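# Structure assessment
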There are 4 protein chains.
Amino acid sequence: MARTTVRARRDADRAGADAGAAERRKQILTEAGRLFAKQGFEGTSMREIAAATGLLSGSLYYHFASKEELFVAVYEANIRAVGEAVEGAIEGIDDPWECFEAAAIAHCEALLTGEKTSILDAKFPPVLAQVRSQLIRARDEHERLFDRLIAPLDLAADIDRVLFRLHVLGALNSAILWYKPSSRLTPADVARHVIKVLRYARQGAATAEVR
Amino acid sequence: MARTTVRARRDADRAGADAGAAERRKQILTEAGRLFAKQGFEGTSMREIAAATGLLSGSLYYHFASKEELFVAVYEANIRAVGEAVEGAIEGIDDPWECFEAAAIAHCEALLTGEKTSILDAKFPPVLAQVRSQLIRARDEHERLFDRLIAPLDLAADIDRVLFRLHVLGALNSAILWYKPSSRLTPADVARHVIKVLRYARQGAATAEVR
Amino acid sequence: MARTTVRARRDADRAGADAGAAERRKQILTEAGRLFAKQGFEGTSMREIAAATGLLSGSLYYHFASKEELFVAVYEANIRAVGEAVEGAIEGIDDPWECFEAAAIAHCEALLTGEKTSILDAKFPPVLAQVRSQLIRARDEHERLFDRLIAPLDLAADIDRVLFRLHVLGALNSAILWYKPSSRLTPADVARHVIKVLRYARQGAATAEVR
Amino acid sequence: MARTTVRARRDADRAGADAGAAERRKQILTEAGRLFAKQGFEGTSMREIAAATGLLSGSLYYHFASKEELFVAVYEANIRAVGEAVEGAIEGIDDPWECFEAAAIAHCEALLTGEKTSILDAKFPPVLAQVRSQLIRARDEHERLFDRLIAPLDLAADIDRVLFRLHVLGALNSAILWYKPSSRLTPADVARHVIKVLRYARQGAATAEVR
DNA sequence: GATGAATGAGGATTCATTCAT
DNA sequence: TATGAATGAATCCTCATTCAT
């Protein structure tokens, strides 16, 4: 609605602008990520992204061949960022459950803090059909990281570890749908509660009468 | 925005008479639901919906004042359908956990069977901002149903029942993102596994060392 | 924007409704006149007119074959109304200038009071090309009435009576463009001032140096 | 609504450079002016305007953010053109009435010659409600020019100069409704006759018996 | 590397009109 | 007389993309 003049953006950016192409790419990725997260893929126009980066829409095509390609790049960057956050968080932790919890917290924080990654859970619109496989590959990689964390957990024998991984990530990711930063709950609180619930399902736990 | 559509007019004018229009409305709702589920709100054009119903695009507007209004109607119908399925499934079951599981199964089946309700988890695109409140109201109602089922569960004392509800629904709904009907897993299997994991978190369960 | 439900109108009208066809025609003419005056020909939809009369749009076509025909009927009725007002106002007045002034006042009042006749001065949109001749014929008749009033005026010899008539009516009609009922000026004041100015242009008036 | 168009951008960015776009803007303005004059605002489609300029309809939006904005631009250009014509015509004339007449002639010629300015008198359709204030501001400016010409006239004491201005412009502008270039009357003739009539209303003129 | 200008298909929506009932 | 349902063309506008400069 209240769009921003290119000129306005330009005047503001001119400082650090004129950076190399790699720099520009990063700028575009940042702004596109922010906009995709807030407005979705279809709700964000190339012109908007261009304007936010201090460019005109045509110039985007020097850096990315299409809107889809740009989205994939954003998505991969986001997943990678979450992955790195998680790996950083678990470094040096030995206890499997502690490690698992630390990972969940890092994942949740990366997801809910900053505008960038809410795309994670997207049921990609059909416009993205052509690049779906790339997106899924990126997501899978992240999920395998969780598989590695789940493997050493002393889960009750009747628990399927794949379904368990889907369960955790589903519970964590869904926070995007309801979490409000204004709440007195931190993203870490949310993650901790999810893990707290799951932690009951350890081997030897008493669930006698479960059918 | 506040226009008048057939529903308004007819409900008032003629009680139940003239099945014709109501029939059409239902047809449109069905087709729109299918298409929205498959392609998302923005990915589905009014022309497509019209064509699927055997109409021309203009004719849709006799029944629904706007694409948004149509979406709200579809969404409400879908939530209602899931709600009814759940209520039907728990009828006559006394044991709280049995009841909870039955509800989860019904919820999951309604979600994953048929194309109609995958919209449930939508992070609504900003185009729908104007009607967001209606959508959220519908969703809330469904979630309160789960609150009623969670209340009597003998959960461990350190579990927050609101976060628990968000956890369950998050885990269940996320199946939409990965579930494939072709799999050897039934929707019920998925739901059952989620509940199986959660069931460990009952009162008196041994989780001694959890910090 | 804020449209009115058919039902609402209906409930209200039901009292005097069910009148004969002639009655209905008159109702339609009234409402259409009001709407055309306020919103113009193109800015008024048949549905709007129908709703204002307590009908559905299709029903209008029983009374008028097309939107254009309806407009012509409204226009003619309006012109006739102004004409009758003028004729009523000059009845019994002998002095030519008194008579002329009375006519101007009546014309102006009919024009500025009530919503109905602001159409008078319309530069008809090309949509109305087919019926233009009918509209112009109606207008001409009204203008000939003014010709009859101008004929006996003792105007200065160098004044062309046809151009004079166009001048008066132009000055009077243009009030529609700026007149606001809220002003302390009455429509009669406006008309009186126009005539006051023109009255100077009588025979024998001293305008020596006019080239 | 508050979007950015080329004008804004360019005025700022590059002073007078790059005649291309400015050229196009002028072309569009010309064609749009012609079409609006002939067919009215609602009767003219953006496609038509585009086609007349040798563009596709989408391309128009690079230069003007909306049909309304385009109309405002046309309107302002037209008013400005008439204003300039009038100012040119009165240059160097000392006698107030001569000056007034010269202005009237120029105004009338600008109005009736060329297709461009017949919009002047428009009772703007409600579609233009949002921009009405801009249109009125433009018109007011032109009318103030006439106020300056009327001020020094030696009008009879009982004449209100504001109503007098409205009277003149009403009489002049209304010519649009009936004037046909084919007639043996020139636009100047029309203007001259209007002024001739008004010139009688000078101070000291004999209007003794007026009530 | 970036721009300005244009493309052209596609979007939702409106509307006068028709016609069987 | 009136209705309900549908028509289909037309409307304004958006947008990813292209390409000469």
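Everything in this summary refers to the structure shown in the same document. Treat the numbers as computed from the prediction; the structure is a model and nothing was measured. (Residues numbered from 1 in each chain as written. Chains lettered and ligands numbered in written order. Predicted model: local features only at pLDDT ≥ 70, side-chain atom pairs only at ≥ 80, totals over all residues. Heavy atoms only, no water.)

### Overview of the protein's contact with DNA strand F
To keep things clear, this is the line we draw: Throughout, near means a residue has at least one heavy atom within 4 Å of the molecule or strand. Any pair of N or O atoms that falls within 3.5 Å is considered a polar contact. Within protein, one atom must be able to donate a hydrogen and the other to accept it, and sequence-neighbouring residues count only if both atoms are side-chain atoms.
The environment of DNA strand F is formed by 42 residues, the closest being B:Ala21, B:Arg24, B:His63, C:Leu56 and D:Arg47. Per the 4 Å cut-off to the protein, sugar and phosphate atoms form 68% of the nearby atoms of DNA strand F. Here a phosphate oxygen of DNA strand F sits 2.8 Å away from a polar atom, N or O, in the side chain of A:Lys67. One of the side-chain N or O atoms of B:Tyr62 is found 3.1 Å from a phosphate oxygen in DNA strand F.

### Observations regarding empty space enclosed by the protein
Selection rule: Only protein atoms enter the calculation, which uses a 1 Å grid: trapped sets of points that fit a 1.4 Å probe without letting it out are cavities, open sets showing protein on both sides within 12 Å along at least five of seven lines are pockets, and any residue with an atom within 4 Å of a point is a lining residue. Grid points are joined across faces, edges and corners, and a volume is the space filled by probe spheres set on the points. Helix and strand labels come from DSSP, where a helix needs a run of H or I of at least four residues and a strand needs a run of E of at least two; each type is numbered from the N terminus. In this classification, the charged set is Asp, Glu, Lys and Arg, the nonpolar set is Ala, Val, Leu, Ile, Met, Phe, Trp, Tyr, Cys and Pro, and all remaining amino acids, among them Gly, are polar.
Evaluation of the coordinates by the stated rule reveals five cavities of 30 Å³ or more. For the largest cavity, the calculated volume is near 60 Å³. In terms of lining residues, the largest cavity is bounded by C:Leu163, C:Leu166, C:His167, D:Ala171, D:Ser174, D:Ala175, D:Trp178, D:Val190, D:His193 and D:Val194. Contributing elements (two or more residues each) for the lining of the largest cavity: helix H8 (161-173) of chain C together with helix H9 (175-178) and helix H10 (187-199) of chain D. A class-by-class count of the residues in the lining of the largest cavity yields seven nonpolar, three polar and no charged. Size it by volume and the second largest cavity reaches roughly 50 Å³. Lining the second largest cavity are C:Ala171, C:Ser174, C:Ala175, C:Trp178, C:Val190, C:His193, C:Val194, D:Leu163, D:Leu166 and D:His167.

### Thoughts on the protein's contact with DNA strand E
Around DNA strand E, 41 residues are found, and the nearest of them are A:Arg24, A:Leu56, D:Ala21, D:Arg24 and D:His63. Here DNA strand E approaches the protein such that, of its atoms within 4 Å, sugar and phosphate make up 69%. At a separation of 2.5 Å, a phosphate oxygen of DNA strand E approaches a polar side-chain atom of A:Arg24. A distance of 3.1 Å is found between a phosphate oxygen of DNA strand E and a backbone nitrogen or oxygen belonging to D:Leu56. No other element matches the four residues that helix H4 (residues 57-63) of chain D contributes to the surface near DNA strand E.

### A few points about the pattern of salt bridges
Residue and element names in this part refer to chain B. The cut-off we apply is this: By salt bridge we mean one thing: a side-chain nitrogen of Lys or Arg within 4 Å of a carboxyl oxygen of Asp or Glu. Accessibility here uses a 1.4 Å probe with only protein chains present; expressed as a share of the type maximum, an area under 20% marks a residue as buried, one over 50% as exposed, and anything in between as partly exposed.
Applying the stated criterion across every chain yields a total of 20 salt bridges over all chains. Put simply, Arg199 and Glu101 hold a salt bridge, and the shortest N to O gap is 3.5 Å. Here Arg199 is found in helix H10 (residues 187-199), whereas its partner Glu101 is found in helix H6 (residues 96-112), with 98 residues between them in sequence. Residue classification places Arg199 among the buried positions, given a relative accessible area of 5%. Here Glu101 falls in the buried class, since its relative accessible area comes to 5%.

### Some details on the side chain of C:Asn173
Residue and element names in this part refer to chain C. Checked against the element boundaries, Asn173 lands in helix H8. Taking the relative accessible area as the measure of exposure, Asn173 reaches 14% and is therefore buried. Side-chain polar atoms of Asn173 contact the side chain of His107, separated by 2.8 Å.

### Observations concerning a negative patch on the surface
Residues and elements named next belong to chain A. Our working rule: For patches, a residue must show more than 30% relative accessible area and have no salt bridge; joins then use 9 Å for like charges and 5 Å for nonpolar side chains, namely Val, Leu, Ile, Met, Phe, Trp and Tyr. Note that accessible areas follow from Shrake-Rupley with a 1.4 Å probe, and for residues the cover is restricted to the protein chains shown. Under this rule, positive means Lys or Arg and negative means Asp or Glu; His and the chain ends count for nothing. To locate a charge, the coordinates of NZ of Lys, CZ of Arg, CG of Asp or CD of Glu are taken.
On the surface, Asp94, Asp95, Glu98 and Asp154 cluster together into a negatively charged patch. Mapped onto the secondary structure, Asp94 falls in the loop between helix H5 (67-90) and helix H6 (96-112). For Asp94, a relative accessible area of 72% corresponds to the exposed category.

### Structural notes on helix H10 (residues 187-199) of chain C
Where we set the bar: Each helix should span, by expectation, one fewer than its residue count multiplied by 1.5 Å. In what follows, a contact means two residues having at least one pair of non-hydrogen atoms within 4.5 Å.
Spanning 13 residues, H10(C) covers 18 Å between terminal C-alpha atoms, matching the ideal 18 Å at 1.5 Å per step. Where burial is concerned, most of H10(C) is hidden: 10 out of the 13 residues are buried. Of all the positions in H10(C), only C:Pro187, C:Ala188, C:Val190, C:Ala191, C:His193, C:Val194, C:Ile195, C:Val197, C:Leu198 and C:Arg199 are classed as buried. Those residues of H10(C) that are buried lie in contact with helix H6 (96-112), H8 and helix H9 (175-178) of chain C together with helix H8 (161-173) and H10 of chain D.

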